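As a plain string of letters, each chain reads:
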Amino acid sequence: MIKNRFLYRAGWLTEVVWLVAACAPHEMSVPERRPGEPYTVDEARACYRSELARRTRDAEADAGPLTTGACRSDWERAAVSIDASLYSVDVPIEAEYGYARYRRTEGDSVVLTPMYAKLVVVKEPVSEGECCYVRYYLPDEAFAAEHDAAYYDAMLNSRPKERYDGLSIYASLDGDVLAAGRYVRGRLTRKAFLFDERRTVEANAEAIGELLGDLCVARIRYGVQTRSQGTKNPPNPVDGGGIESVVIIGIPKIPPPPDPVLPEWDPRDELGRRFKDPFPDADSDSGGSSGDGDSSSDSSDSDAPTEKPYDKNPRIEVEDERIEQMLDSIYLDCMGSTLIQSLNGVKIVVEEVDPARPDKFGGFNYGNNTITLRWREGRPVRDYVLIEELIHAFQFQRQGKAEFAKNTLSNEVEAKAGWLLYQERNLKELSDGQRKRIFNTRSGYLTFYILSGYMQWGVSIYDQQFERTYRDAIDVLRQNAVYGDRNKYPDPSFPECMNYEILNDLMLNCQD
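Residues numbered from 1 in each chain as written. Predicted model: local features only at pLDDT ≥ 70, side-chain atom pairs only at ≥ 80, totals over all residues. Heavy atoms only, no water.

A few points about the environment of leucine 327
Checked against the element boundaries, leucine 327 lands in helix α8 (residues 321-331). Among the residues examined, leucine 327 registers a relative accessible area of 0% and is labelled buried. Sequence spacing of leucine 327 and leucine 386 is 59 residues, and the spatial spacing of their C-alpha atoms is 8.5 Å. Contact partners of leucine 327, with chain neighbours within four places excluded, come to Tyr310, Ile316, Val318, Ile340, Ile348, Leu386 and Leu390. (Helix = DSSP H or I, 4+ residues; strand = E, 2+ residues; numbered from the N terminus. Buried < 20%, exposed > 50% of the residue type's maximum accessible area, 1.4 Å probe, protein only. Contact = heavy atoms within 4.5 Å.)

Examining the state of the cysteines
All told, the structure shown has 1 disulfide when counted by the stated rule. Here cysteine 334 pairs with cysteine 510 through a disulfide, and the sulfurs are 2.0 Å apart. Where cysteine 334 bonds to cysteine 510 through sulfur, the torsion about that S-S bond is close to 105°, and the disulfide is right-handed. Of this pair, cysteine 334 sits in helix α9 (residues 334-342) while cysteine 510 sits in the segment after α15 (501-506); the two residues are 176 residues apart in sequence, bridging distant segments of the chain. Residue cysteine 334 is classed as partly exposed on the basis of its relative accessible area of 21%. What makes cysteine 510 buried here is its relative accessible area of 18%. (Disulfide = S-S within 2.5 Å.)

Description of unusual backbone geometry
Of the consecutive residues phenylalanine 494 and proline 495, the connecting peptide bond is found in the cis state with omega at 0°. Mapped onto the elements of the fold, proline 495 is located in the loop between α14 (464-478) and α15. Even without a glycine there, the phi angle at leucine 427 is positive, about 55°. Looking at the element boundaries, leucine 427 is found in the loop between α11 (408-425) and α12 (432-439). Exposure remark for leucine 427: the relative accessible area of 76% places this residue in the exposed category. Phi angles above zero are rare outside glycine, and asparagine 440 is one such case at about 75°. Tracing the backbone shows asparagine 440 in the loop between α12 and α13 (442-457).

Observations concerning the packing of aromatic side chains
Per the counting criterion, the structure on display carries 28 aromatic pairs. Taken together through their ring pairs, the aromatic side chains of Tyr116, Tyr137, Phe143, Tyr151, Tyr152, Tyr164 and Tyr183 make up a single cluster. Over the aromatic face of tyrosine 331 sits the side chain of lysine 312, whose NZ or CZ is 5.4 Å from the ring centroid. The ring of phenylalanine 494 carries arginine 471 above its face, with NZ or CZ at 3.7 Å from the centroid. (Phe/Tyr/Trp six-rings, centres within 6.5 Å; stacked < 30°, edge-to-face > 60°. Lys NZ or Arg CZ within 6 Å of the ring centre and 35° of its normal.)

As for the confidence of the model for the chain
On average, residues of the chain carry a pLDDT of 75, and 73% of them reach 70 or more. Ignoring residues within four places in sequence, the model shows residues 223-241, a span with pLDDT below 50, making 48 contacts including any to other chains. (pLDDT = per-residue confidence, 0-100.)

A word on the pairing of strand β5 (residues 97-104)
β5 sits mainly inside the fold: 6 of its 8 residues count as buried. Counting the residues between successive antiparallel strands, the hairpin from β5 to strand β6 (residues 110-114) contains 5 residues, one of them, aspartate 108, with a positive phi of roughly 70°. (Pairing = 2+ DSSP bridges.)

Some thoughts on the side chain of threonine 67
Residue position: threonine 67 is located in the loop between α3 (41-54) and β2 (71-73). At 3.1 Å, the side chain of threonine 67 and the backbone nitrogen of glycine 69 are in polar contact. If sequence neighbours within four positions are ignored, threonine 67 has contacts with Tyr97, Tyr99, Tyr136, Asp174, Gly175 and Arg219. (Polar contact = N/O pair within 3.5 Å; in protein donor to acceptor, adjacent residues only side chain to side chain.)

What follows is the structure, given as structure tokens:
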């Protein structure tokens, strides 16, 4: 029986230095991607090869508790998944070592719950930093009894984990655990990452240990010709293999762990910052829920009932069942699901329509990070109103307060183009009254319709017709008294204002 206190054994954090260095931007040539491809299998493979070339540790002598041993990656079956905050490539592997949760029952029999492994290469779209992990799905026992290996094989790193109950554990290529998360019915309820800059390394290490608890895993060694097939690992031990040892990778509750042994190396230096959070729905550092001003659509604080977490993203709080139903419908869309999954926190409240502004149905206030929808009997809020405000919330999250305030008018253009494309994908027509209320005239609607088409068709922002149409869209908005306020909605700078960068990210999963 081998017992390792995974975060507290002497020198463990010192040994992590090699891995952080390995995640620096690789020097190997990166294959060119086709237009519309945000990340490719070839790029991920180049990153993986570069990381292998940088390794300096003895794989056998210095292996961590979740080492794969000898490992072969099946790049022919690699799959790309895209989220606005993280690109990922999942690669099936055949490994020398597999793992299963090891638990003894009251009758002293042993229950093994398989852990499902893949190589995962992740890339942050903003920093363009790349890293490699071996990710293990460890389902809860009840969930494991109802799902076979094909279910876990279909789950991709940057896509929602539908209905999943269990842990997701990320280890280095040498088996050191660097991140862990707990899923309940597909929702990421808790996570911890060693290099999360919002907390100290000690606090991050403690959080990982708490997530893993008193977890025991059995290491299963397979015969050379009978390794686990793809992600269907680990099967029952076979001749030439067997259960080699039981490894404790959680923090024992009794006795308490000793003080952690930390390296002189500071994980906040340049190397540490290059390591990326492997969870696609990680909190964004570029924005926030704080602020003290109005947004592109101002709203007042609400005294509405207490909000509750939305089941597909608990960081979105809603107070009304009607809003949940609208979010469920929006989630079925390729852009809608990415948008909902990517928001790092917003509150959605409902108020009665303001008699002084009867045609104003929604607004986002970045001061309190709240979307307010205004309902009127017999005239409910349309889904495109909610989508526009959700896009504004994501724009603020990505841009931060200063940039968001500078880009108020171009943000309006981008958000309206976004929900127009949503309407077109889902075959939803606007009435003549809606077109006039939103875009003033039929020609105003056609201007935005054409502009959204240019974006979808990939027309260059340097195309003269693109710029003319964009300037026409600005003029359409200026006809509205709200957008005519140049202090609140300053003139955008060309051509930077036309880049559609955020909308492009939200629509990454909408490619044909």
